[in-house]
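Structural overview for review
Here is what each chain is made of, one letter per residue.
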Amino acid sequence: MNGILLNEVPKQHCTLDQPERRKIHNPLYLRLLHWLLYAIAILAFTWPVYRAFLNIEITDNEAWNAYFADAAMGKMPLYPSTAQLITNNYPPLSFYIVGLAGRLIGDPVLAGRLLSLISVIAIATAIALSVRRLGGTQAAAVISAAFYIAMMSRFFRSYVGLNEPQLLSHAIMAFGFLAFLGVRSRDRGYVMPVLVMAFAGFVKHNIIAMPLTAFAWLGMNRRREALKCLCVAAVVIVIGIAICYVSFGRDFFLNILAPRHYSLKKAIRSYKDLQWVSVGLVACVCNGCARWHDRSVRLCTGLIAIALAEFFLERTGAGVWTSAQFDLVIAVAIGLGLAYTQVPLWPLARRFPPAVSQATLLLVVCARLLVPKELEPIRLLVDRRFKNEIAIREQAMADSVERVRKTPGDVLCPTLISYHAGKPFVVDNFNAEQRMSAGALPKDAVTARVAAGTLTIVKTDPRARWTFRLKRDTPMGSQAALYVRAEDLGEKIAAWQKKCAGKTQPDCSRNLEALRKKAFKLAEFAQSKGDFDGPNVNNVPDPVEGDGVDYETGKVNGWRANWRVVARLVRYHAECFNRYDTSECKAEWAAFQKEQKRVRDLYGPDARFEGFPSAFKERTFGPYVATHVARELESHWHPIELDDGNVVEVYSAYSDEVARNKFDFVINPNLPPDCVELWPEGEPPEGGFYKSDPVFRPKNVPDNFILVKVYQYGDFLGYVYLDKNVVEGLHGRK
């Protein structure tokens with residue numbers, strides 16, 4: 001009987017039966033499509049590689065994993081007590097791996113990113129070898145690997161090159177499944193692949209499709225081996241858990257089993273996310289129907305079905321999004337290799353040459369991979385603004401880290417900023433929220449610490465995060481979209497003014513109308529955010545009361561009101577551009593300023609909009625102006641160097657003369673501390689100073705500058721910001 005089984009093994013694992021083999025040529029158009037897929041994969045993968053070396057936060061997970069990687073190296077308990085506001089619900093092995101790699105490299109965040117990149121290549125290799133094991137051709141194996149790299153780098157790029165053990169665990173699991181396919185062809189040695197898969201489970205414990213597929217196949221075809229492997233897996237898991245208990249105590253279980261909210265509705269709605277693998281998935285389903293008698297195809301179809309069920313199951317959990325689909329992507333990549341090999345044998349494809357069928361499948365796959373327009377490697381080559389944005393974001397990270405480092409005590413801010421600033425990990429936002437919702441933590445667990453003065457909330461620059469192109473609304477996503485659209489509109493308005501100021505040509509009128517339509521759309525976008533009642537830019541859970549609630553403090557912070565103020569400002573420009581001097585527009589501007597002041601008085605300046613494009617913060621659109629009203633309002637800050645070498649910022653009307661002018665102040669110890677005197681010979685142009693106390697402080701004024709009144713010959717000229725040390729010197733103090 002054993003001899004018969006062994007003789008049957010090669011036949012049952014043969015993908016293409018001998019009578020059905022057809023001679024397949026590789027014409028030029030098919031080879032070109034091969035290289036198109038390879039080029040997409042290579043080009044898309046270069047962006048995660050480039051991004052891995054940027055000092056910009058990709059997601060919150062990065063610093064979360066870095067903190068616990070340091071914990072594995074002895075800096076703090078790897079599994080904290082429930083009294084703390086941080087939770088570690090991951091198995092321990094990844095933290096030791098990243099922690100050791102971090103010691104070699106000097107940075108656990110970079111170490112984790114590099115391990116993630118290596119894992120993508122390793123998974124692609126395991127996919128290619130699995131396709132060969134299942135009977136696919138060599139070309140099909142390479143196509144499967146390229147498809148996986150392109151798919152991950154295009155549609156799941158937030159995880160590629162991310163300091164997160166998900167892909168590392170998938171890589172180990174994929175090689176365990178490859179080992180299972182190898183011993184399946186030999187029909188012996190099933191225990192070793194099971195041990196590898198169990199090891200992967202202690203790196204990340206939510207990868208179940210491949211081990212379930214292996215056990216399902218063993219249960220249906222080798223029941224004795226299935227029972228033996230099940231016992232071995234149970235023993236290994238129990239021993240591993242026992243080691244964790246001895247090493248970490250009861251806190252290990254309390255962390256791993258930390259409460260999490262689950263929603264069936266969320267899982268059902270997640271079917272939309274299957275669009276990314278839709279083409280490959282359809283190809284696998286068609287191949288499964290056409291080639292169901294092939295045992296390797298049935299095995300792969302079973303893997304896809306289990307991975308699909310796993311996707312919906314895991315998506316019920318709060319905070320689980322992209323990673324739930326990774327097993328399905330791997331399964332579809334393997335299935336695509338088999339489909340490419342066998343598509344000439346499909347009943348519908350038999351009437352065409354084999355190369356035509358394969359080329360059609362490849363063409364559809366490549367077209368789907370090229371559909372999204374966001375391709376960062378191309379932007380790096382052709383878009384100068386993208387390079388500038390990267391530099392701005394890195395500088396935002398450096399500035400934010402320095403700001404947090406100077407803040408005494410424990411802080412609450414984006415985790416990578418906190419990590420680089422050398423601050424301890426004290427609040428895990430997501431898990432703390434889940435524990436609060438489940439009643440495991442008091443509702444005021446965070447706010448009580450803030451009120452007691454033991455925790456400081458530090459507002460940092462949101463541009464230090466790569467979240468501006470995510471599909472869902474994120475802390476920076478909606479705001480960055482507003483910035484990009486506003487900057488683009490401001491540039492086009494300035495260009496229109498330069499070309500069309502004072503002119504009435506048909507082209508100028510048409511372009512003016514187009515600009516107004518753009519501004520109205522921008523206002524609608526901002527208004528929609530102000531009316532948004534779902535989880536908002538501060539991750540506030542429903543329901544949101546008042547004008548917007550800050551998650552960290554639980555207090556109304558006016559985020560919705562600030563969005564509506566922005567919407568009103570943009571709508572004002574849409575209605576009044578090129579006619580600011582009319583009575584209705586003057587009235588609208590006064591009403592806007594009144595509403596803006598009301599919101600500022602209630603909630604203070606909104607830090608998220610501190611860098612809002614200046615063309616929309618004030619009624620200014622560059623040096624090219626159409627009316628005297630616009631010219632009067634076209635004003636900004638100029639750096640002025642004093643005799644002592646100090647540089648001050650002066651608010652003045654736009655002109656080359658002002659930019660060249662030099663403002664000198666004289667020492668007068670008789671003036672009040674908040675007053676200074678301009679040199680008698682100075683001739684400041686009209687608009688050189690604020691005429692009244694400014695409502696808010698301009699963002700480019702340094703922190704050590706104070707607002708003072710300026711006099712000349714006893715006449716009050718206005719207000720200006722000066723270095724407080726300079727002001728003291730002007731009063732004769734040393």
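This structure is a prediction, so every number in the text was calculated from the model and none was measured.

Looking only at helices and strands, the chain features 29 helices and eight strands. Counting every position in the chain, which comprises 734 residues, the buried fraction comes to 51%. In the chain, the share of contacts with a sequence separation of at least 24, taken over all contacts with a separation of at least 6, comes to 71%. For the chain, the exposed surface amounts to about 34,700 Å²; the carbon and sulfur share of it is 59%.

Under the criterion given, the structure shown has nine cavities of 30 Å³ or more. Within this model, the largest cavity holds a volume of roughly 90 Å³. Surrounding the largest cavity, 13 residues form its lining, Val98, Gly112, Asn163, Glu164 and Pro165 being those nearest its centre. Top contributing element to the lining of the largest cavity by residue count: helix α5 (residues 108–133), with four residues. Residues that form the lining of the largest cavity fall into these classes: six nonpolar, six polar and one charged.

Before going further, it helps to spend a moment on helix α14 (residues 295–314). For α14, which comprises 20 residues, the first-to-last C-alpha distance of 28 Å matches the rise-based estimate of 28 Å (1.5 Å per residue) to within 8%. Residues of α14 that are buried: Ser296, Val297, Leu299, Cys300, Leu303, Ile304, Ala307, Glu310, Phe311 and Glu314. Considered in projection along α14, the buried side chains sweep an arc of 160 degrees and stay on one side of the axis. A side-chain oxygen of the first residue of α14 lies 2.9 Å from the backbone nitrogen of serine 296; this N-cap is aspartate 294.

A few words on the state of the cysteines. One covalent bond between the sulfur atoms of two cysteine residues makes up a disulfide. Counting across every chain of the model gives one disulfide. Between the sulfur atoms of cysteine 576 and its disulfide mate cysteine 585 the distance is 2.1 Å. The sign of the S-S torsion, about -95 degrees, decides the handedness of the disulfide formed by cysteine 576 and cysteine 585: left-handed. The two residues cysteine 576 and cysteine 585 agree in class, both being buried.

The next subject is the environment of alanine 526. Along the chain, alanine 526 falls in helix α23 (residues 506–530). When its relative accessible area of 0% is taken as the criterion, alanine 526 is described as buried. Residues in contact with alanine 526, not counting those within four places in the same chain, are Leu482, Trp563, Val566 and Ala567.

Counting 99 residues, the largest nonpolar core has Tyr148 and Phe180 as the members making the most contacts within it. Apart from the residues lying within four places of it in its own chain, the contact partners of phenylalanine 180 are Tyr190, Pro193, Met197, Ala214, Trp217 and Leu218. Residues Ala486, Leu489, Leu522 and Ala574 belong to the second largest nonpolar core, which totals 31 residues.

A few words on a nonpolar patch on the surface. A surface patch of nonpolar side chains, amounting to about 590 Å² of accessible area, comprises Ile237, Ile241, Tyr245, Val246, Phe253 and Leu257. If one sorts the elements of the nonpolar patch by residue count, helix α10 (residues 223–248) sits on top with four residues. Residue valine 246 is classed as exposed on the basis of its relative accessible area of 70%.

Two elements in contact, α5 and helix α15 (residues 326–342), have axes separated by 9 Å at closest approach and are oriented at 40 degrees. With respect to each other, α5 and α15 are oriented oblique. Crossing handedness for the pair α5 and α15: right-handed. Residues Ile123, Ile127, Ser130 and Val131 of α5 form the contact with α15, whose own contacting residues are Ile330, Ala333, Ile334, Gly337 and Leu338.

Below, the discussion takes up the packing of aromatic side chains. For the structure shown, the criterion picks out 31 aromatic pairs. When the ring of tyrosine 67 is compared with that of tyrosine 419, the centres are 5.1 Å apart and the planes differ by 90 degrees; the resulting orientation is edge-to-face. Of the two residues, tyrosine 67 is situated in helix α3 (residues 61–72) and tyrosine 419 in helix α19 (residues 415–420); the sequence distance between them amounts to 352 residues. On the accessibility criterion, tyrosine 419 (13% relative accessible area) is buried. Ring centres of tryptophan 589 and phenylalanine 592 lie 5.3 Å apart, and the angle between their planes is 35 degrees; this geometry places the pair in the tilted category. A residue pair is termed a helical-turn pair when its members lie 3 or 4 positions apart in one helix, as tryptophan 589 and phenylalanine 592 do in helix α25 (residues 583–603) at three residues.

Attention shifts here to the packing of α5 against helix α6 (residues 138–155). Two numbers describe how α5 lies on α6: the axes approach to 8 Å, and their chain directions differ by 150 degrees. Taken together, the axis directions place α5 and α6 in an arrangement best described as roughly antiparallel. Considering only the axes of α5 and α6, their crossing is right-handed. Counted together, Val120, Ile121, Ile123, Ala124, Ile127, Ala128, Val131 and Arg132 of α5 and Gln138, Ala140, Ala141, Ser144, Ala145, Tyr148 and Ile149 of α6 form the full contact between these two elements.

Among the secondary structure elements, isoleucine 58 is positioned in the loop between α2 (28–52) and α3. Expressed as a C-alpha distance, the spacing of isoleucine 58 and arginine 465, which sit 407 residues apart in the sequence, is 5.8 Å.

Turning our eyes to something else, we now look at the pairing of strand β8 (residues 715–723). Counting buried positions over the nine residues of β8 gives seven, a clear majority of the element. In textbook terms, the turn of a hairpin is the stretch between consecutive antiparallel strands, and for strand β7 (residues 705–712) and β8 this stretch comprises two residues, one of which, tyrosine 713, has a positive phi near 55 degrees.

Our next topic: helix α8 (residues 191–201). Those residues of α8 not exposed but buried are Pro193, Val194, Met197, Ala198 and Ala200. Looking straight down α8, one finds that the buried residues subtend no more than 155 degrees of arc, so they occupy a single side. Looking at the buried residues of α8, the elements they touch are α7 (166–186), α9 (209–221) and α10.

Look at any regular strand and the pattern is simple: side chains alternate between the two faces of the sheet. Burial of strand β6 (residues 675–678) is two-sided: the residues Cys675 and Glu677 facing one way and the residues Val676 and Leu678 facing the other way are all buried. Note: strand β5 (residues 665–666) against β6, two bridges, orientation antiparallel. Note on β6: the bridge partner recorded for valine 666 is glutamate 677.

Low pLDDT marks regions whose predicted coordinates should not be analysed in detail. Here the chain averages 81 in pLDDT, while 79% of its residues score no lower than 70. Between the elements of the chain, mean pLDDT differs from a low of 34, seen in helix α27 (residues 628–633), to a high of 98, seen in α5. Every residue in residues 1–23 scores below 50 in pLDDT, and together they form 42 contacts with partners more than four places removed in sequence or on other chains. When the criterion is pLDDT under 50, residues 468–476 qualifies, and its contacts beyond four places in sequence or with other chains add up to 23 contacts.

As a further point, take the side chain of asparagine 88. On the secondary structure map, asparagine 88 appears in the loop between α3 and α4 (93–105). Owing to a relative accessible area of 0%, asparagine 88 belongs among the buried residues under this scheme. Within polar-contact distance, the side chain of asparagine 88 engages the backbone nitrogen of tyrosine 90 at 3.1 Å.

A few words now on the sheet that holds β6. Reading across the sheet, the four strands line up as β5-β6-β7-β8 and stay open at both edges, with mixed pairing between neighbours. The open sheet is flanked by β5 and β8, the only strands paired with a single partner.

Criteria and thresholds
- Residues numbered from 1 in each chain as written.
- Predicted model: local features only at pLDDT ≥ 70, side-chain atom pairs only at ≥ 80, totals over all residues.
- Heavy atoms only, no water.
- Helix = DSSP H or I, 4+ residues; strand = E, 2+ residues; numbered from the N terminus.
- Buried < 20%, exposed > 50% of the residue type's maximum accessible area, 1.4 Å probe, protein only.
- Contact = heavy atoms within 4.5 Å.
- Areas by Shrake-Rupley, 256 points an atom, 1.4 Å probe, with all protein chains shown as cover.
- 1 Å grid on protein atoms, 1.4 Å probe; cavity = no way out; pocket = protein on both sides within 12 Å on 5 of 7 lines; lining within 4 Å.
- Points joined across faces, edges and corners; volume = space filled by probe spheres on them.
- Nonpolar A, V, L, I, M, F, W, Y, C, P; charged D, E, K, R; others polar.
- Expected span 1.5 Å × (residues − 1).
- Arc of directions from axis to C-beta.
- Polar contact = N/O pair within 3.5 Å; in protein donor to acceptor, adjacent residues only side chain to side chain.
- Disulfide = S-S within 2.5 Å.
- Core = buried A, V, L, I, M, F, W, Y, C linked by side-chain atoms within 4.5 Å.
- Patch = residues over 30% accessible without salt bridge, like charges linked within 9 Å, V, L, I, M, F, W, Y side chains within 5 Å.
- Salt bridge = Lys/Arg side-chain N within 4 Å of Asp/Glu carboxyl O.
- Axes fitted to C-alpha atoms, helices over the stretch in contact; angles between N-to-C directions.
- Parallel < 35°, antiparallel > 145°, perpendicular 65-115°, else oblique.
- Left-handed = near helix turned anticlockwise from the far one by under 90°.
- Phe/Tyr/Trp six-rings, centres within 6.5 Å; stacked < 30°, edge-to-face > 60°.
- Pairing = 2+ DSSP bridges.
- pLDDT = per-residue confidence, 0-100.

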